[in-house]
Amino acid sequence: MPETLLSRIPRERLPEQFHLAWDTLKGLTGDATFVEVFAQAPDMLDFVMNKFYGPLFFGGKVDQRYKQLVRLRLSTRHGCLTCNKQNVPGALAAGITQEQVNALMHYEDGPFTEAEKAVLAYADEVALTNLEGRMTEALYGRLRAHFSDAELCELGTVMAVISGMAKLSFVLDLVEREDYCPFTPSVAGANS
């Protein structure tokens, strides 16, 4: 379980509107720290759950399959164990196969369509671990074969919010990290 310094609101004291988010996160990951902490700022939790995930991540013009795929790619690149626990079931429910999940780290040679490979390459450019990420002409050409500029903006915004929330979750210790997570505080930095 994450050991955040921030206070938590247990489920029995959460506003009822956040019970489903708590139940879902607890069921998928075994931990609902994110909801318990963000319930301290109900407007922020409402933004994440109801204004970002509802209309943009699960809505919008870009097919859910691509959003689930890039979310999983980002969480695997970032090393967020809590995220991976919820993102794998989300990807599978959206039609991504277990074979594709297993091949995600080497997607260019994996069982993905050209559109899927293009959005995964886009995710690699947006990833927090890629400090030099950028939209090259080659990548843009790959993406434009399947998506409009408006859809690329939508997909990019989804990835930006997900990446930013991942970084904040690491900073506040709201999530468990994979062994390979590059966002693990050093012992010296943890004692500061």
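These lines cover the structure that appears in this document, whether it is placed above or below. Keep in mind that what you see is a predicted model, and the values were worked out from it rather than measured.

**Focus: the overall build of the protein**
Here is step 1: For the protein, the helix and strand inventory stands at 10 helices and zero strands.
Here is step 2: The order of α-helices and β-strands along the protein, N terminus first, is α-α-α-α-α-α-α-α-α-α.
Here is step 3: Compactness check: the protein gives a C-alpha radius of gyration of 17 Å against a globular reference of 16 Å for 192 residues, within 12% of the reference.
Here is step 4: Viewed in the frame of its principal axes, the protein has a C-alpha envelope of about 50 × 40 × 30 Å.
Here is step 5: When the 192 residues of the protein are sorted by exposure, 43% land in the buried category.
Here is step 6: For the protein, contacts bridging at least 24 residues in sequence account for 64% of all contacts bridging at least 6.
Here is step 7: For the protein, the exposed surface amounts to about 9900 Å²; the carbon and sulfur share of it is 56%.

**As for the layout of surface pockets**
Here is step 1: In this structure, the largest pocket spans a volume of roughly 770 Å³.
Here is step 2: Forming the walls of the largest pocket are 34 residues, and the residues nearest its centre are L25, M49, Y53, R71 and Q86.
Here is step 3: Elements represented by at least two residues in the lining of the largest pocket include exactly helix 1 (19-29), helix 3 (42-57), helix 4 (64-78), helix 5 (81-93) and helix 9 (149-171).
Here is step 4: For the lining of the largest pocket, the residue count by class is 21 nonpolar, 11 polar and two charged.

**Quick look at the nonpolar core**
Generally speaking, nonpolar side chains in soluble globular proteins are found buried as a group.
Here is step 1: Residues L69, F112, V119, L143, F147, L155 and M159 are the most contacted members of the largest nonpolar core, which totals 31 residues.
Here is step 2: Of all the secondary structure elements, the ones that give two or more residues to this core are helix 3, helix 4, helix 7 (114-126), helix 8 (137-144) and helix 9.
Here is step 3: Top element by residues in this core is helix 7. It accounts for seven residues.
Here is step 4: Once you skip the residues sitting within four places of it in the chain, L143 turns out to touch A118, V119, Y122, M135 and L152.
Here is step 5: F18, L25, V35 and V48 belong to the second-largest nonpolar core, a separate cluster that totals 15 residues.

**A word on helix 5**
Here is step 1: Between its first and last C-alpha, helix 5 extends 19 Å over 13 residues, near the 18 Å set by a 1.5 Å rise per residue.
Here is step 2: Taken together, the buried positions of helix 5 are occupied by T82, C83, N84, N87, G90 and A91.
Here is step 3: On the buried face of helix 5, the contacting elements are helix 1 and helix 4.

**Regarding the packing of aromatic side chains**
Here is step 1: In total, this model carries eight aromatic pairs according to the counting rule given.
Here is step 2: Ring centres 5.0 Å apart and planes at 85° place the aromatic pair Y66 and F147 in the edge-to-face group. Taken as a pair, Y66 in helix 4 and F147 in the loop between helix 8 and helix 9 lie far apart in primary sequence, 81 residues in all.
Here is step 3: Residue F147 is classed as buried on the basis of its relative accessible area of 6%.
Here is step 4: Here the aromatic cluster, defined as three or more aromatic residues joined through ring pairs, consists of F52, Y53, F57 and F58.

What counts, and where the lines are drawn
Residues numbered from 1 in each chain as written. Predicted model: local features only at pLDDT ≥ 70, side-chain atom pairs only at ≥ 80, totals over all residues. Heavy atoms only, no water. Helix = DSSP H or I, 4+ residues; strand = E, 2+ residues; numbered from the N terminus. Rg over C-alpha atoms; globule rule 2.2 N^0.38 Å. Buried < 20%, exposed > 50% of the residue type's maximum accessible area, 1.4 Å probe, protein only. Contact = heavy atoms within 4.5 Å. Areas by Shrake-Rupley, 256 points an atom, 1.4 Å probe, with all protein chains shown as cover. 1 Å grid on protein atoms, 1.4 Å probe; cavity = no way out; pocket = protein on both sides within 12 Å on 5 of 7 lines; lining within 4 Å. Points joined across faces, edges and corners; volume = space filled by probe spheres on them. Nonpolar A, V, L, I, M, F, W, Y, C, P; charged D, E, K, R; others polar. Core = buried A, V, L, I, M, F, W, Y, C linked by side-chain atoms within 4.5 Å. Expected span 1.5 Å × (residues − 1). Phe/Tyr/Trp six-rings, centres within 6.5 Å; stacked < 30°, edge-to-face > 60°.

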